[in-house]
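# Coordinate inspection notes
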Amino acid sequence: MNQLSAGAIVSGDSEYLSVDVDSNTHLYFAKENQNAAKSLQNMTPNIVNYYEQSFGYKMDDPLNLILASSTHNQVLNGFSTQIPHNMTMLYGGASLDLDYFSSSSWLKTLATHELAHNFQLNSKNSETGHGAHTLFGNNPTVTIPIIGWPIFIYPNLFLPTFALEGNAVLNESTYDNG
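## Notes on the packing of helix α1 (residues 34-55) against helix α4 (residues 161-174)
- It is the contact of α1 with α4, at a shortest axis distance of 12 Å, that shows an interaxial angle of 120 degrees. On the basis of the axis angle, α1 is oblique to α4. In this structure, α1 meets α4 at a crossing whose hand is right-handed. Contacts between α1 and α4 involve Y50, Y51, S54 and F55 from the former and N167, N171, E172 and T174 from the latter.
- A class-by-class count of the residues in the contact of α1 with α4 yields three nonpolar, four polar and one charged.

## Thoughts on the packing of aromatic side chains
- This structure, assessed with the given rule, holds six aromatic pairs.
- With centroids separated by 5.7 Å and ring planes inclined at 20 degrees, the aromatic side chains of F55 and F119 adopt a geometry described as stacked. Note that F55 is positioned in helix α1 and F119 in helix α2 (residues 106-122), a separation of 64 residues in sequence.
- We classify F119 as buried; its relative accessible area is 0%.
- Cluster of aromatic residues (ring-pair linked, three or more members): Y50, Y51, F55, Y57 and F119.

## Re the packing of α1 against α2
- Closest axis-to-axis distance for the α1/α2 pair is 10 Å, and the angle between their directions is 40 degrees. In terms of axis orientation, α1 runs oblique to α2. The interaxial crossing formed by α1 with α2 has right-handed handedness. Only L107, K108, A111, T112, L115, A116, F119 and Q120 of α2 make contact with α1, whose side of the interface consists of A36, S39, L40, M43, T44, I47, V48, Y51, E52 and F55.

Definitions and limits used
- Residues numbered from 1 in each chain as written.
- Predicted model: local features only at pLDDT ≥ 70, side-chain atom pairs only at ≥ 80, totals over all residues.
- Heavy atoms only, no water.
- Axes fitted to C-alpha atoms, helices over the stretch in contact; angles between N-to-C directions.
- Helix = DSSP H or I, 4+ residues; strand = E, 2+ residues; numbered from the N terminus.
- Parallel < 35°, antiparallel > 145°, perpendicular 65-115°, else oblique.
- Left-handed = near helix turned anticlockwise from the far one by under 90°.
- Contact = heavy atoms within 4.5 Å.
- Nonpolar A, V, L, I, M, F, W, Y, C, P; charged D, E, K, R; others polar.
- Phe/Tyr/Trp six-rings, centres within 6.5 Å; stacked < 30°, edge-to-face > 60°.
- Buried < 20%, exposed > 50% of the residue type's maximum accessible area, 1.4 Å probe, protein only.

These values are about where atoms sit, not about what they do.
Here you go:
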C-alpha cells in the first residue's frame, strides 16, 4: 500500500493489491475486495469520461483510487482530496446494509459521488491556476512575496460544503443512478 492513504486506513489493515485502470488512474484495493475492485476497474473509465465531458476538462494529475478493506475500517462512505495528491478513498464498511436502499449499487453510487468531487475540486481552468500548479504543485494557495497576493491553485476548495455535496449528488444522480 502506498503512503498516500497511510492516514486514512487502520494500521495493520488487510493486504492491498494494485492495478492500473488506465494511463492516468491507479487502483489500490484490499485483497478481500477483488470482485468489487474488478467492477470499479471496469466502471471508472466510463465515469471519468462522463465527467471529462460534463465538467469540460481532463484532470492533469494522476488519480489514485483506493478501495479500503472493510475488515478493520468500519466507515460507510469515502472522500476525495487533491492535496498532497489527487486521491479518492472508498470505504466498504457495512456496504451490504445499503442493499435495501434505492441505489442499485453502493459502489457505483459512491464512486460517481466521490469522483464528482475530484472533478469539482481539481478544476484549474484559469491560466493563473494552471500555471501556479505547474510551478508550485499541489498547494491550496501560494502567496507571491513581491506583491503579497495569494494565488488559489484550487479555488473550489473554498466553496461551501452544501454546494460541493449538492453538486456531487446531482452528478451521481445524472450518471445512470437517479
